[in-house]
Amino acid sequence: VHKCAGEAASRGCPLPDVARAARLAADSIATMGVALSTAATPGCCKPERIKAGEIEVGLGIHGEAGAYKRAIGHAREVVGEMLQHINDTYLQFEDGAKYMLVVNSLGATPPGELAVVASEALAWVVAKGASVERMMVGCYMSALDMAGASLSVLRLDNGGELLRAMDAPTSAPAWPRAHC
């Protein structure tokens, strides 16, 4: 949402157009997280509400409680569950539609594990008959040390506005292809 609004603002668009770009992005994106541990808060102990052998699905970036806990499962199963929930609740995957996927570390997830999540997410979306036009895998928005990942799905509009905004140069240091 910030990337799309920032791209419109960088082109000198008036405020109503910047707000429209942000609304378009917000209406076109859904995110869901899963973690093996909660986030630590500086100056406080780390909550231990997730027990060994379980994961929490739907939790927030700041450690907000998730929708439910369940036993750890294979990445294919967990990623499929997350994407099916996004499909059923927020953003339906449609045959022939185009999407951007963002696989984000929640702070303590190594790149190899993120790659497994990304691979499973890509396979799931393609199996639905949709295409993935862009994919980002990395640590973009994280807690300090939460072991987990979030999946964000952006449905790209037919006019190409969202894809153009996502591909636009930026000086944000964590963004891929940032132009600092």
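Remember, it's a predicted structure, so these values are computed and weren't measured experimentally.

(A) Local environment of the pairing of strand E4 (residues 98-105). Counting buried residues along E4, seven of its eight residues qualify, which places the element largely inside the surrounding structure. Direction of pairing for E4 relative to strand E5 (residues 131-138): parallel, over a ladder of seven bridges. Across the sheet, the residue bridging to Met100 is Arg134, located in E5. Where the polypeptide runs from E4 across helix H4 (residues 111-127) and back to E5, its parallel neighbour, the crossover connection is right-handed. Taken together, the seven bridges between E4 and strand E6 (residues 148-155) define a ladder with antiparallel strand orientation. The residue bridging Asn104 from the neighbouring strand is Ser150, located in E6.

(B) Structural detail: helix H2 (residues 15-27). Look at H2: 18 Å from first C-alpha to last across 13 residues, which is about the 18 Å you get at 1.5 Å a residue. Those residues of H2 not exposed but buried are Val18, Ala21, Ala22 and Ala25. Each buried residue of H2 lies within a common arc of 95° when the element is viewed along its axis, so the set occupies one face. Exposed and facing more than 90 degrees away from the buried side of H2 are Pro16 and Asp27. Contacts from the buried residues of H2 go to helix H1 (2-10), strand E1 (29-35), E6 and helix H5 (161-167).

(C) Region of the structure containing the environment of Val126. Along the chain, Val126 turns up in helix H4. The class of Val126 is partly exposed, set by a relative accessible area of 46%.

Procedures and definitions
Residues numbered from 1 in each chain as written. Predicted model: local features only at pLDDT ≥ 70, side-chain atom pairs only at ≥ 80, totals over all residues. Heavy atoms only, no water. Buried < 20%, exposed > 50% of the residue type's maximum accessible area, 1.4 Å probe, protein only. Helix = DSSP H or I, 4+ residues; strand = E, 2+ residues; numbered from the N terminus. Pairing = 2+ DSSP bridges. Right-handed = clockwise from strand over helix to strand, strands pointing away. Expected span 1.5 Å × (residues − 1). Arc of directions from axis to C-beta. Contact = heavy atoms within 4.5 Å.

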